[in-house]
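Below, each chain spelled out in residue letters.
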Amino acid sequence: MVFSWLHLAIILFLIGGLLFAGGPLILSYLVAPRARGGDMGMPYECGMRPYGGSWTRFGINYYVYALLFLAFDVDVLYLFPVATVYRATEGWLPFLEMFIFLFVLALAIIYFWAKGVFTWPRKVS
Amino acid sequence: MENMAKIVFGFYTLIILGGSLVAVGAKSLVRAMVGLIATLLGVAGMYMLLNAQFMALMQILIYVGAVCVLIFFAIMLTRADAGGEEAASAPLRQNLLALTAVLSVGGILGWLVLTRPLATTGVPVEVSIEKLGLGLLGPYGLAFELISVVLLVSMAGAVLLAWERRNGK
C-alpha cells in the first residue's frame, strides 16, 4: 500500500468539505429554538398545502440523456491519457488514431441529431 | 507513512462495508443510493492506496458522477417511495439465495487469494498516465479505436430502444 502526501491532502480536503457542509447543520441543531407540531413537516409552513406525494416520476426521455452522458464520460477515460501524451508524439499515426476515435464519436452525435434527441420536446411526457 | 496507510486502509474498508450495508438495508431507494455512493468513494480510496491515482479519479468521475446519476434516473422511473408498491421487503427465501450467491463468489475469491498468493511486488508500482496514453496510441491502437465503436453502438442502441417509444405514443 502506498500513502502519499497527495492522498493525505485529499483526505484533509474531504474532511474540510464535510465540516463545511455539516457544520451549519450541527450548529443550527445546537443553537436553533425547538418547535413542534403544526406544519413543521411540510415543505412550506405557509401557503397552499401540497397535493399528492413528493415522489414524482420523470419521463423516460431524461434517461436517454443520462445514458449519453455516461457513454461520453467513458470516452473521457480513454481520451484523457491519450491527450496527455499527444504533445510528445511524432508523425501522423497518432493524429490518425485520434481522428478516427473522435470521428466515430462525432458519428454518434450526428445520428442523435438526425434522430431528434437534441430538440427539446414541447410536451415532456 | 506505512502505519498511516494501514489506518487509511481500515478507514476505507469501514466506509465500503458501511456504505454497502446502507445500500442493501435502507428502506428508501434514494438513501440506498447514498450508501452505494459511499461504497464507490471507498473503492476510489482503495485505488489511491494501490498507487493508481488515475483509476481513482475515473472511479469518481464515471461511477460516482455518471452511473449514480443513471441509477437515480432509474429510481425516479419506479414507484418505490416508502409507501409505494415496490417498497415491500423481499421474502426470506430470496434474501437467503442472495446471501448464498454473495458468500459463494466471495468465498471462492477469498480462498483463492489466501491459498494461492501471486508473486508480486510489495509496493504497488505506479503506471503513469503518459504510459497509459502511449500504450493506447501504440500497441493497443486497434483496441482504442474499437472502444469508440463499442461506445457508438451502446449509445445508438440506447437511443434506438428508448427514443422510438416516445414517437410511437
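Residues numbered from 1 in each chain as written. Chains lettered and ligands numbered in written order. Predicted model: local features only at pLDDT ≥ 70, side-chain atom pairs only at ≥ 80, totals over all residues. Heavy atoms only, no water.

Student: Looking at this model, I keep getting lost on the overall build of chain B. Mind explaining?
Tutor: Of the regular secondary structure elements, chain B holds 6 helices and 0 strands. The linear arrangement of helices and strands in chain B, starting from the amino end, is α-α-α-α-α-α. When each of the 169 residues of chain B is scored for burial, the buried share is 30%. Pairs at least 24 apart in sequence give 50% of the contacts found in chain B among residues at least 6 apart. Total accessible area computed for chain B in this model is approximately 10,800 Å², and 74% of it derives from carbon and sulfur atoms. (Helix = DSSP H or I, 4+ residues; strand = E, 2+ residues; numbered from the N terminus. Buried < 20%, exposed > 50% of the residue type's maximum accessible area, 1.4 Å probe, protein only. Contact = heavy atoms within 4.5 Å. Areas by Shrake-Rupley, 256 points an atom, 1.4 Å probe, with all protein chains shown as cover.)

Student: Mind showing me how you'd approach the interface of chain A and chain B here?
Tutor: Many authors give the size of an interface as the accessible area that is lost as the parts come together. Of the residues lining the interface, 56 residues belong to chain A; the matching set on chain B comes to 59 residues. Between chain A and chain B lies a buried interface of about 5,500 Å² when both sides are counted; carbon and sulfur atoms form 79% of it. Counting across the chain A and chain B interface gives 2 residue pairs in polar contact (both at pLDDT 80 or more). When residues in the side of chain A that touches chain B are grouped by element, the largest group, 23 residues, is from helix H2 (residues 61–86) of chain A. In terms of residue class, the side of chain A that touches chain B is made up of 42 nonpolar, 9 polar and 5 charged. (Buried area = accessible area lost by both parts, 1.4 Å probe. Polar contact = N/O pair within 3.5 Å; in protein donor to acceptor, adjacent residues only side chain to side chain. Nonpolar A, V, L, I, M, F, W, Y, C, P; charged D, E, K, R; others polar.)

Student: Mind showing me how you'd approach the packing of aromatic side chains here?
Tutor: Both the distance between ring centres and the angle between the ring planes are used here to describe each pair of aromatic rings. All names here are of chain A. This structure, assessed with the given rule, holds 7 aromatic pairs over all chains. A network of ring pairs unites the aromatic residues Trp92, Phe95, Phe99 and Phe103 as a single cluster. If you follow Arg34 out to its NZ or CZ, it ends over the ring of Tyr29, 4.9 Å from the centre. (Phe/Tyr/Trp six-rings, centres within 6.5 Å; stacked < 30°, edge-to-face > 60°. Lys NZ or Arg CZ within 6 Å of the ring centre and 35° of its normal.)

Student: What am I meant to see in the packing of helix H1 (residues 5–31) of chain A against helix H2 (residues 29–49) of chain B here?
Tutor: Interaxial distance between H1 of chain A and H2 of chain B falls to 10 Å at its minimum, and their mutual angle equals 160°. One way to sum up the angle between H1 of chain A and H2 of chain B is to call them roughly antiparallel. Of the two elements, H1 of chain A crosses H2 of chain B, and the hand of that crossing is left-handed. In contact with Leu6, His7 and Ile10 of chain A of H1 of chain A, H2 of chain B contributes Gly45, Met48 and Leu49 of chain B. Classifying every residue of the contact of H1 of chain A with H2 of chain B by side-chain character gives 4 nonpolar, 2 polar and no charged. (Axes fitted to C-alpha atoms, helices over the stretch in contact; angles between N-to-C directions. Parallel < 35°, antiparallel > 145°, perpendicular 65-115°, else oblique. Left-handed = near helix turned anticlockwise from the far one by under 90°.)

Student: Quick question: what am I supposed to make of the domain arrangement of chain B here?
Tutor: When cut into domains, chain B gives domain 1 (1–84) and domain 2 (127–164). Here domain 1 of chain B and domain 2 of chain B have C-alpha centroids that lie 25 Å from each other. (Domains from an automatic or database assignment.)

Student: Even after reading the chapter, I still don't get a nonpolar patch on the surface, so can you show me in this structure?
Tutor: Residues and elements named next belong to chain A. A cluster of nonpolar side chains, contributed by Tyr86, Trp92, Leu93, Phe95, Leu96, Phe99, Ile100, Phe103, Leu107 and Ile110, occupies part of the molecular surface with about 1,000 Å² of accessible area. The topology assignment puts Leu107 in helix H3 (residues 93–115). Overall, Leu107 belongs to the partly exposed group, its relative accessible area being 39%. (Patch = residues over 30% accessible without salt bridge, like charges linked within 9 Å, V, L, I, M, F, W, Y side chains within 5 Å. Salt bridge = Lys/Arg side-chain N within 4 Å of Asp/Glu carboxyl O.)

Student: Teacher, can you tell me more about the confidence of the model for chain B here?
Tutor: Low pLDDT marks stretches whose predicted atomic positions should not be read closely. Mean pLDDT for chain B: 85, with 90% of residues reaching 70 or above. For this predicted complex, the interface score ipTM comes out at 0.73, alongside a pTM of 0.79. (pLDDT = per-residue confidence, 0-100.)

Student: For this particular structure, what's the right way to read the side chain of Glu97 of chain A?
Tutor: Structurally, Glu97 of chain A can be placed in helix H3. For the buried Glu97 of chain A, no salt bridge is present, and the opposite-charge side chain at shortest range is Arg87 of chain A, 17 Å distant. The residues contacting Glu97 of chain A, other than those within four sequence positions of it, are Leu136, Leu137, Gly141, Phe144 and Glu145 of chain B. (Lys, Arg positive; Asp, Glu negative; His and termini not counted.)

Student: Got a minute to help me understand helix H3 (residues 53–77) of chain B in this structure?
Tutor: Residue pairs spaced three or four apart in an α-helix point in one direction, given the helix's 3.6 residues per turn. Look at H3 of chain B: 35 Å from first C-alpha to last across 25 residues, which is about the 36 Å you get at 1.5 Å a residue. Bending of H3 of chain B peaks at approximately 25° at the position of Cys68 of chain B. (Expected span 1.5 Å × (residues − 1). Bend = angle between axes of the 7 residues up to and from the residue.)

Student: I would appreciate a short explanation of unusual backbone geometry in the present structure.
Tutor: With the exception of glycine, the majority of residues adopt a negative phi angle, and the majority of peptide bonds are in the trans configuration. Residue and element names in this part refer to chain B. We note that Asn51 has phi near 65°; this positive angle belongs to a residue other than glycine. Tracing the chain through its elements places Asn51 in the loop between H2 and H3. Taking relative accessible area as the criterion, Asn51 reaches 12% and is therefore assigned buried.

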